[in-house]
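# Summary of structural features
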Amino acid sequence: MSAAGDDRQRLLELREQIAEHNRRYYVEDAPTASDAQYDRLMAALLAIEAAHPDWVTPESPSQRVGAAPLDAFGSVRHAVRMLSLANAFEAADIEAFDERVAGTLREAGLLPQGVVDYVAEYKFDGIAVSLRYEGGRLVLAATRGDGQVGEDITANVRTLRSVPLRLRGDEAPAVLEVRGEVLMTRADFDRMNEAQAAHGGKTFVNPRNAAAGSLRQLDPRVTATRPLRFFAYGWGQIRDEAGRDILPRARHGDMLDWLGALGLPVSPGHRLCQGSAGLLAFYADVGAARPSLSYDIDGVVYKVDDLKSQDVLGFVARAPRFAIAHKFPAQEETTLLEDIEVQVGRTGALTPVGRLRPVFVGGVTVTNATLHNEDEIRRKDVRIGDTVVVRRAGDVIPEIVGPVTALRTGREIEFDMRARYPVCPVCGSAVERPEGEAVTRCTAGLFCPAQLKQTLWHAASRKALDIEGLGDKLIEQLVDGGRVRTLADLYGLTALELSTYPRMGSKSAANLIEAIDQSRRPPLSRLLYALGVRHVGETTARDLARHFGSIDAVMAASEDELLAVPDVGPVVAASIRRFFSEVHNREVVAALRKAGVEPVAEAVPAGEKPLAGKTLVLTGTLPSLSRDEATRMVLAAGGKVSGSVSRKTAWVVAGEEAGSKLAKAAELGVPVLDEAGLRALLAPASAP
Ligand code: IVH
């Protein structure tokens, strides 16, 4: 064969291989080539096509980079109308739908078993498109438009790797119109938006808008860079060589399989269901799985499986009577951002909160949504008076996605933290925003009632002191009335006075006092956590408790000593130091003690005991641990403490003025540790 002949052969092979990899990736969801392998095949193809420009055809995978820009989209008349669906929201609507369908089919003698078979599918939240294949080749792609006439987006759709440019197998009919949805996965959307933002490019509020914007691009080379996908869920015209309309299969589910066999990516997650009970079970299953799907769906669609039955059922207006969309509560709505205020949190952070005109989204009425911090507001370009997109997915807290800039009037106001909140809105103290930090904070610490309330609430929580019955309403009243000024004041409350508070019976007052009482012997780690030191979460609190063994030791620890605790870095160490060097905080700890709160050193869980089977001898005065404390720590770590040194002694822990035992240790070759050494020995227990 000539060199050109070789090239030609190789070109055809490469096209075949690339198309097959696309299919495995997008249709089967089971790729067999790495990205690098794929890129090498594409590079080889591009090289051959560069040498033989006349060999380039529209079906070549190389053409997915996008053709030249258009001035405008042409219009396309759909050979078969693109319909829409009736919407239902309630189970009762679905039962009524099923009864209507069953009634009609029974009359027509098409319901021998009495229950209707349906195919239930996802209702993709993307853009409906129609793809036209002639002779197995993609010749046209169009948007839905008004259902009769859409826009010609062929050049753009050619850039989607999930859309085969040629159909597979020998069963491809002369004409096939495939209907489906173009969408973007959430992960692709996030990645794309980040990349766009990094280049100062346009960002989109949600995957749907991103898909729509990318598809309706006049420059297909731009579309080619956007991670769009296609899923097929239906068809329009299908014809044989003689120009006759045909239906290759008798059921909707079988038609989907047939489309899949032609190499088209078919709606994943579809299921055959029987009667309304089957449909409602599907709805519940998909609703539960919805947050974990990789793309947005706004409901499910039920279609009568038997195509002859579909025919009999027919249409009303622009929607079929054989199918219905069962929608989920919307996860996104738009509403007015009436104002931006701040909330003062436990650590004094002033968190901007959007006050929204009430809007029903994700199944609840939303009136507030956090905006995190000033930078976030600026990044999203959200202004007071904007119409904003509000999102609430699953049980996630509501979020302001971004403004609908097209609806701006020019009267919107930018939020300026410094101008609006020159001081803490709760206590009037100074606020500061340290260099390089995104957060503005009230500097008053626990003197700020907002911080105090949050701290009390945190201290009462299950993972801290676990004081059941101390709710936020009561905390509010106790703090606002001046009755509780520090955590320690909780321990001075009596059942009698509590019972005078609104909604507090004598029984619940007594229960709460009991719960407060119970919290007087907390494990040390919980007390440390309850104090609400910035950066000290549960795990760090546990590490500190195991390492130091007593609250006094933690309070006395220098930054260097704190850094000896695994996972405690400079930021955490500094924060702990700062907390305990504040007189007020030391006073709170002292007051807690006075009120009878005595933390207990914790037992290390079995299997994690670093000193199991070891005997230690303590001698002299340790810098921060009393003999008792050190003994408790050794016992907690599974070790034993002995009064005399022998060959069996694992370590001698020596402090100031250690005497003969030190000499004995040297004689027997027993290793000697100081207090830091002992702590290091105990440290492995604190590894999470
Ligand atoms: S079938 C004859 N199936 O929903 C029925 N539509 O309101 C024609 N959609 O414009 C549509 N997922 O954009 C069908 N699995 C699905 C769908 C689906 C999403 C969209 C489509 C259509 C709209 C109908």
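On a predicted model such as this, the values are computed, not experimentally measured, just so you know.

### Section: the sheet that holds strand β7 (residues 175-183)
Adjacent strands of a sheet form backbone hydrogen bonds with each other and so pair up, either parallel or antiparallel. Ordered by their spatial adjacency, four strands build an open sheet running β5-β4-β7-β8, and the pairing between neighbours is antiparallel. Among the strands making up the open sheet, the edge pair consists of β5 (137-143) and β8 (229-239). Between one strand axis and the next, the sheet turns through 25 degrees on average, direction left out of account. In this structure, strand β4 (residues 127-134) lies alongside β7, joined through eight bridges in antiparallel fashion. Its bridge partner being in β7, Leu 131 is matched across the sheet by Val 178. Lying on the sheet, helix α8 (residues 252-261) is in contact with β7 and β8; it crosses β8 at an angle near 110 degrees.

### Regarding the packing of helix α13 (residues 449-460) against helix α14 (residues 472-480)
Geometrically, a packed helix pair is captured by the angle between its two axes and the distance between the axes. Between α13 and α14, whose axes approach to 10 Å, the crossing angle comes to 140 degrees. Between α13 and α14, the angle is such that the two are oblique. Crossing handedness for the pair α13 and α14: right-handed. For the pair formed by α13 and α14, the contact residues are Pro 449, Leu 452, Lys 453, Leu 456 and Trp 457 on the first element and Asp 472, Ile 475, Glu 476, Val 479 and Asp 480 on the second. Grouping the constituent residues of the contact of α13 with α14 by class yields six nonpolar, no polar and four charged.

### Quick notes on the site of the ligand
In the region of the ligand, 14 residues are neighbours, and Glu 121, Tyr 122, Glu 181, Tyr 233 and Lys 303 sit closest. Lys 123 is positioned such that a nitrogen or oxygen atom in its side chain is 3.1 Å from an oxygen atom of the ligand. Take Glu 181: an N or O atom from its side chain is 2.8 Å from an oxygen atom of the ligand. Considered on its own, the ligand offers 530 Å² of accessible surface; in the complex 85% of this is hidden by protein. The dominant element in the shell around the ligand, judged by the number of residues it contributes, is strand β3 (residues 117-124), at four residues. A per-class count over the shell around the ligand returns eight nonpolar, one polar and five charged.

### Description of the environment of Val 653
Here Val 653 is to be found in strand β23 (residues 651-654). Once residues within four sequence positions are removed from consideration, Val 653 is found in contact with Leu 616, Val 617, Leu 618, Thr 619, Leu 622, Leu 673, Asp 674 and Leu 678.

### Here's the deal with unusual backbone geometry
Phi is positive for His 372, which is not a glycine, with a value near 65 degrees. Under the relative-accessibility criterion, His 372 is labelled partly exposed at 41%. The phi angle at Arg 503 is positive, at roughly 60 degrees, despite the residue not being glycine.

### Some points on the sheet that holds strand β2 (residues 87-88)
On the basis of which strands lie adjacent, the open sheet formed by five strands has the order β2-β13-β10-β3-β9 and mixed pairing. Two strands close off the open sheet at either side, each with one partner strand: β2 and β9 (271-274). As defined by bridge partners, β3 adjoins strand β10 (residues 297-304) across seven bridges and the pair is classed as antiparallel. Bridge pairing in β10 links Phe 124 to Ile 297. Lying on the sheet, helix α3 (residues 91-107) is in contact with β2, β3, β10 and β13 (323-327); it crosses β13 at an angle near 170 degrees. This element, α8, spans β3 and β10 of the sheet and lies at about 50 degrees to β3.

### Section: the pairing of β23
By the alternation rule, side chains of β23 split into Trp 651 and Val 653 and Val 652 and Ala 654, which are all buried. Where strand β21 (residues 615-619) lies against β23, four bridges are found, and the strand directions are parallel. Following the sheet pairing, Leu 616 is matched in β23 by Trp 651. Taken together, the two bridges between β23 and strand β24 (residues 672-673) define a ladder with parallel strand orientation. Pairing of Val 652 across the sheet is with Val 672, part of β24. Read as a crossover between parallel neighbours, the route from β23 over helix α24 (residues 660-668) to β24 is right-handed.

### What about α14?
Here α14 has its buried residues at Leu 474, Ile 475, Leu 478 and Val 479. Down the axis of α14, the smallest arc covering the buried residues is 125 degrees, so these residues share one side. α14 presents Lys 473 and Asp 480 as exposed residues on the side facing more than 90 degrees away from its buried surface. Tucked into the core, α14 has its buried residues touching α13, α15 (495-498) and α16 (506-518). Following α14 by one or two positions, Gly 482 adopts a phi angle in the positive range, close to 80 degrees.

Definitions and cut-offs
- Residues numbered from 1 in each chain as written.
- Predicted model: local features only at pLDDT ≥ 70, side-chain atom pairs only at ≥ 80, totals over all residues.
- Heavy atoms only, no water.
- Pairing = 2+ DSSP bridges.
- Helix = DSSP H or I, 4+ residues; strand = E, 2+ residues; numbered from the N terminus.
- Axes fitted to C-alpha atoms, helices over the stretch in contact; angles between N-to-C directions.
- Contact = heavy atoms within 4.5 Å.
- Parallel < 35°, antiparallel > 145°, perpendicular 65-115°, else oblique.
- Left-handed = near helix turned anticlockwise from the far one by under 90°.
- Nonpolar A, V, L, I, M, F, W, Y, C, P; charged D, E, K, R; others polar.
- Near = heavy atom within 4 Å.
- Polar contact = N/O pair within 3.5 Å; in protein donor to acceptor, adjacent residues only side chain to side chain.
- Areas by Shrake-Rupley, 256 points an atom, 1.4 Å probe, with all protein chains shown as cover.
- Buried < 20%, exposed > 50% of the residue type's maximum accessible area, 1.4 Å probe, protein only.
- Right-handed = clockwise from strand over helix to strand, strands pointing away.
- Arc of directions from axis to C-beta.

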